[in-house]
Amino acid sequence: MTAPWLVDDSTAAALAIATLCGVAFGATLERAGLGSARKLVGQFYGTDLVVFKVMFSAIVVAMLGVFWLALLGVLDLSRVAVPGTWLVPQAVGGLVFGAGLAMAGLCPGTSCVAAASGRGDGLAVMLGMFAGVLGTGLAFDSLRGLYEATPRGPLTVPAWLGVPYGAVVVAVVALALVGFAVAERIERRR
Amino acid sequence: MPRRPYADPYVAGACLGLVLLAVFVISGRGLGASGAFAATAAGLDHAIAPAHAQASPYFARYLDGGGPWRDWLLFEIGGVVLGGALSAWLAGRLHREIERGAHASAHARIAVAFAGGAVMGFGAVLARGCTSGLALTGGALLGVGAWLFVIAAFAGAYLAATLLRRMWR
């Protein structure tokens, strides 16, 4: 059967699978050291670029996997949900999110790993994150104009630039390789 | 148990990429984190004031389908906590501590961590995702909004980090 396999994601079996996916995700983040705020903030002071390295190697591997599985007919891309694009809210939200990330030293996912490995600061980030989402959700009406501005749908880079999917894949791989070389150089300089 | 060093970042990153790929193949959706916080917030609002949650343009979406307590991402995040704890325990890294810079008090660190979490919460609602659900998932699928978010988040983080240097030194 062509992937993705799950049709209904709220059945008991689906939720068990969700939990297992989470276990793998959490364990990988912990192994990478991303449950440690002190290690994570090294990214922003040029001492330890683990965030960049882990994130971009993950994106490259998953991107190549999706590309080849779709080409081989194993994965039906039309049934894989590309997160939608809203230009202004995602640019503004990204800037704000990044500032919060530098303060917290952890992102929402890694805060759960930090808390799970016994770190009180991880728990504080989780609670703050919850308060922020709850507060923003409660005050959503006043944010709605910005939230819904500049929608572009599930737009992808190849569709936007009008170039073949494979060309963008090659470009991202090349960009990542250059990025890794620069990251190694920045770390050695310190 | 001795505390073992962390994995090589490229190896860990490649493993994370394979986990993400497996999730695409299994479920057709990627990984996520902020959505679990949003589902919990929606569930809490619904438990306290059902009519308010139903009428909320943000929370109402989490009340569809199986409801907020049967949300895929909520179970996935439960798994993240389990997997993180298991991995830390196996590596001898399960310790009670508050990670902070040499010159920051534990209270200051907790306060800034909470505030940082709240700021991220606002940003993630506005951007419709976080590092997991938007940057990683959307990045691998070459979504324009995801890449825009990645660039903006790195910019925001580097800008804020220059002001926060004293926290970590």
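The rules behind the values
- Residues numbered from 1 in each chain as written.
- Chains lettered and ligands numbered in written order.
- Predicted model: local features only at pLDDT ≥ 70, side-chain atom pairs only at ≥ 80, totals over all residues.
- Heavy atoms only, no water.
- Helix = DSSP H or I, 4+ residues; strand = E, 2+ residues; numbered from the N terminus.
- Buried < 20%, exposed > 50% of the residue type's maximum accessible area, 1.4 Å probe, protein only.
- Phe/Tyr/Trp six-rings, centres within 6.5 Å; stacked < 30°, edge-to-face > 60°.
- Lys NZ or Arg CZ within 6 Å of the ring centre and 35° of its normal.
- Expected span 1.5 Å × (residues − 1).
- Contact = heavy atoms within 4.5 Å.
- 1 Å grid on protein atoms, 1.4 Å probe; cavity = no way out; pocket = protein on both sides within 12 Å on 5 of 7 lines; lining within 4 Å.
- Points joined across faces, edges and corners; volume = space filled by probe spheres on them.
- Nonpolar A, V, L, I, M, F, W, Y, C, P; charged D, E, K, R; others polar.

Draft legend 1. Quick peek at unusual backbone geometry. Ala 3 of chain A connects to Pro 4 of chain A through a cis peptide bond whose omega is -5°. The residue Pro 4 of chain A is located in the segment before helix 1 (12–32) in this model. Phi is positive for Arg 128 of chain B, close to 65°, though the residue is something other than glycine. Mapping Arg 128 of chain B onto the fold places it in the loop between helix 5 (106–127) and helix 6 (131–140). The class for Arg 128 of chain B is partly exposed, based on a relative accessible area of 24%.

Draft legend 2. Expanded view of the packing of aromatic side chains. Tallied over the entire structure, the rule returns 14 aromatic pairs over all chains. Ring geometry for Phe 67 of chain A and Trp 68 of chain A: centres 5.5 Å apart, planes at 80°, overall edge-to-face. Linked through ring pairs, Phe 52, Phe 56 and Phe 180 of chain A together with Tyr 10 and Trp 147 of chain B together constitute an aromatic cluster. Over the aromatic face of Trp 86 of chain A sits the side chain of Arg 128 of chain B, whose NZ or CZ is 3.5 Å from the ring centroid. Here the basic side chain of Arg 128 of chain B rests over the ring of Tyr 147 of chain A, its NZ or CZ set 3.7 Å away from the ring centre.

Draft legend 3. Summary view of helix 5 of chain B. Residues and elements named next belong to chain B. With 22 residues, helix 5 should reach 32 Å at 1.5 Å per residue; the first-to-last C-alpha distance of 31 Å fits that figure. Taken together, the buried positions of helix 5 are occupied by Arg 109, Val 112, Ala 113, Gly 116, Gly 117, Met 120, Gly 121, Gly 123, Ala 124, Val 125, Leu 126 and Ala 127. Positive phi shows up at Arg 128, right after helix 5, with a value of about 65°.

Draft legend 4. Quick look at the side chain of Glu 30 of chain A. Secondary-structure assignment places Glu 30 of chain A in helix 1. Ignoring anything within four residues of it in the chain, the contact list for Glu 30 of chain A reads Val 113 of chain A together with Tyr 6, Gly 84, Ser 87, Ala 88 and Arg 93 of chain B.

Draft legend 5. Expanded view of empty space enclosed by the protein. On inspection of all chains with the given rule, the structure shows two cavities of 30 Å³ or more. Space inside the largest cavity adds up to approximately 170 Å³. As for the largest cavity, its lining consists of 14 residues, of which Leu 34, Met 55, Cys 107 and Thr 110 of chain A together with Thr 131 of chain B are closest to the centre. Looking at the lining of the largest cavity, the elements that each hand over two or more residues are helix 1 and helix 3 (50–71) of chain A together with helix 6 of chain B. Classifying every residue of the lining of the largest cavity by side-chain character gives 11 nonpolar, three polar and no charged. Its boundaries defined by the atoms lining it, the second largest cavity holds a volume of some 100 Å³. Around the second largest cavity, the lining residues are Phe 44, Val 51, Met 55, Phe 97 and Leu 101 of chain A together with Thr 131, Ala 135, Phe 149, Val 150, Ala 153, Phe 154 and Ala 157 of chain B. Of all the elements in the fold, those that place two or more residues in the lining of the second largest cavity are helix 3 and helix 4 (87–104) of chain A together with helix 6 and helix 7 (144–163) of chain B. For the lining of the second largest cavity, the element with the highest residue contribution is helix 7 of chain B, accounting for five residues. Counted by class, the lining of the second largest cavity contains 11 nonpolar, one polar and no charged residues.

Draft legend 6. Summary view of the environment of Glu 76 of chain B. As for its placement among the helices and strands, Glu 76 of chain B is situated in helix 4 (residues 72–90). Judged by relative accessible area, which is 1%, Glu 76 of chain B ranks as buried. Between the alpha carbons of Glu 76 of chain B and Leu 31 of chain B there is a distance of 8.0 Å; along the sequence they are 45 residues apart. Excluding residues within four positions of it along the chain, Glu 76 of chain B makes contact with Ala 18, Thr 19, Gly 22 and Phe 25 of chain A together with Gly 30, Leu 31 and Gly 32 of chain B.

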